[in-house]
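# Analysis of the macromolecular model
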Amino acid sequence: MANPKILVVLTSHDEHTKLPGQKTGWYLPELSHPHAVLHKDFEIVSASPKGGKAPLDPGSAEAFASDPESKAFLENHAHVFEQTRPLSEFLGRSGEFAALFYPGGHGPMYDLYDHPDSIALIEEFDRAGKPVAAVCHGPIVLAKARRPDGRPLVQGRRATGFTNKEEDMVELTQHMPVLLEDEFKKAGALWEAADPWAERVVVDGNIITGQNPASARRLGEELAKAVRAQQQK
């Protein structure tokens with residue numbers, strides 16, 4: 001029997017709009033650490049807004065150059081980000097997948113915050129009751145998603161993500177198009193956060209969110225647990 005599939009959505013945005021020349025993208029451990037947990041039991045399928053190679057944040061590659069799981073991912077599983085399919089190809093296909101996962105990095109703040117195909121995909125998975133997970137800046141993809149009755153998807157739901165304090169600490173607050181914490185609070189989420197850079201993962205029904213890079217591995221574990229529970233129903 002084939003392993004359940006998890007659809008991973010990566011950013012296609014590679015540069016800070018207000019900082020020309022400063023590269024961004026998806027953040028290495030926020031994919032490599034969950035992938036280390038997930039890939040043995042689940043088939044990983046990847047998408048991005050533009051398809052093709054999803055840009056890896058070079059700063060994260062440098063910072064995690066000696067991290068064993070990140071090294072193993074780049075050496076053995078680079079196809080996950082080098083050969084993504086266009087996001088639009090997956091609309092209406094939630095039945096083929098067990099879960100949806102968005103790694104972070106600053107890239108999603110630009111091209112996935114209000115991307116119509118991404119929003120439609122999230123709403124489709126949520127209506128099907130399937131796990132939707134995101135870590136660090138990744139949860140910004142949930143901010144504009146809606147429930148069938150028109151209410152914000154995160155309204156009244158516990159959630160976390162990259163905090164305003166953490167954004168201040170990396171000195172990018174003034175350069176962001178929006179701030180994740182602010183957007184979640186505006187949407188009525190029940191915001192939870194640990195101290196800056198500490199692990200924090202929040203599970204509320206089928207929505208799983210992680211605060212920062214330190215939360216990525218545990219988010220992968222919670223996602224695997226949610227998918228297995230779903231498979232047993």
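Residues numbered from 1 in each chain as written. Predicted model: local features only at pLDDT ≥ 70, side-chain atom pairs only at ≥ 80, totals over all residues. Heavy atoms only, no water.

The name recorded for the protein in an unreviewed UniProt entry is D-lactate dehydratase, from Purpureocillium takamizusanense. Its UniProt record gives the protein a comment under Catalytic activity (unreviewed entry), which states: "methylglyoxal + H2O = (R)-lactate + H(+)". (UniProt positions renumbered as here; feature names shortened; annotations may be inferred.)

### Focus on the pattern of salt bridges
If you walk through the whole model with that rule in mind, you get 16 salt bridges. Note that D126 is salt-bridged to R157, the shortest N-O span being 3.5 Å. One end of the pair, D126, is in helix α6 (residues 116–127); the other, R157, is in the loop between β5 (132–135) and β6 (158–159), and 31 residues separate them in sequence. Taken as a pair, D126 and R157 share a single burial class, namely buried. For the salt bridge of R217 with E221, the shortest nitrogen-to-oxygen distance reads 3.6 Å. With R217 and E221 both in helix α9 (residues 216–231) and 4 residues apart, the pair spans about one turn of that helix. What makes R217 partly exposed here is its relative accessible area of 32%. Of the residues examined, E221 reaches a relative accessible area of 37% and is grouped as partly exposed. (Salt bridge = Lys/Arg side-chain N within 4 Å of Asp/Glu carboxyl O. Helix = DSSP H or I, 4+ residues; strand = E, 2+ residues; numbered from the N terminus. Buried < 20%, exposed > 50% of the residue type's maximum accessible area, 1.4 Å probe, protein only.)

### With respect to α9
End to end, α9 covers 23 Å across 16 residues, agreeing with the expected 22 Å (1.5 Å per residue, within 8%). For α9, every residue scored as buried is listed here: A216, L219, G220, E222, L223, A224, V227 and Q230. Each element contacted by the buried residues of α9 is listed here: β1 (5–9), α1 (28–38), β4 (99–102), β5, β8 (201–204) and β9 (207–210). (Expected span 1.5 Å × (residues − 1). Contact = heavy atoms within 4.5 Å.)

### Some remarks on empty space enclosed by the protein
If you roll a probe as big as a water molecule over the atoms, it shows you where there is empty space left. The tally for this structure, following the rule as stated, stands at 1 cavity of 30 Å³ or more. If you trace the largest cavity, you find it lined by M109, H137, F162, T163, N164, E167, L179 and L180. A breakdown of the residues in the lining of the largest cavity according to their chemical character gives 4 nonpolar, 3 polar and 1 charged. (1 Å grid on protein atoms, 1.4 Å probe; cavity = no way out; pocket = protein on both sides within 12 Å on 5 of 7 lines; lining within 4 Å. Points joined across faces, edges and corners; volume = space filled by probe spheres on them. Nonpolar A, V, L, I, M, F, W, Y, C, P; charged D, E, K, R; others polar.)

### Overview of the layout of surface pockets
Roughly 220 Å³ of volume is contained in the largest pocket. The wall of the largest pocket is formed by 17 residues, among which Y27, D57, H106, V170 and L172 lie closest to the centre. Here the residues of the lining of the largest pocket are counted per class, giving 7 nonpolar, 7 polar and 3 charged.

### Describing the side chain of R147
Within the secondary structure, R147 is located in the loop between β5 and β6. The side chain of R147 is buried and forms no salt bridge, while D149, the nearest opposite charge, is found at 5.6 Å. Only 3.4 Å separates the side chain of R147 from the backbone oxygen of P152, close enough to count as a polar contact. Setting aside chain neighbours within four positions, we find R147 in contact with P152, L153, V154, Q155 and R157. (Lys, Arg positive; Asp, Glu negative; His and termini not counted. Polar contact = N/O pair within 3.5 Å; in protein donor to acceptor, adjacent residues only side chain to side chain.)

### Observations regarding a nonpolar patch on the surface
A surface patch of nonpolar side chains, amounting to about 270 Å² of accessible area, comprises M169, V170 and W197. Position of W197 relative to the elements: it lies in the loop between β7 (190–191) and β8. Given a relative accessible area of 36%, W197 falls into the partly exposed group. (Patch = residues over 30% accessible without salt bridge, like charges linked within 9 Å, V, L, I, M, F, W, Y side chains within 5 Å. Areas by Shrake-Rupley, 256 points an atom, 1.4 Å probe, with all protein chains shown as cover.)

### Re the side chain of Q211
Structurally, the position occupied by Q211 is in the loop between β9 and α9. Owing to a relative accessible area of 0%, Q211 belongs among the buried residues under this scheme. A distance of 2.7 Å separates a polar atom in the side chain of Q211 from the backbone nitrogen of A194.

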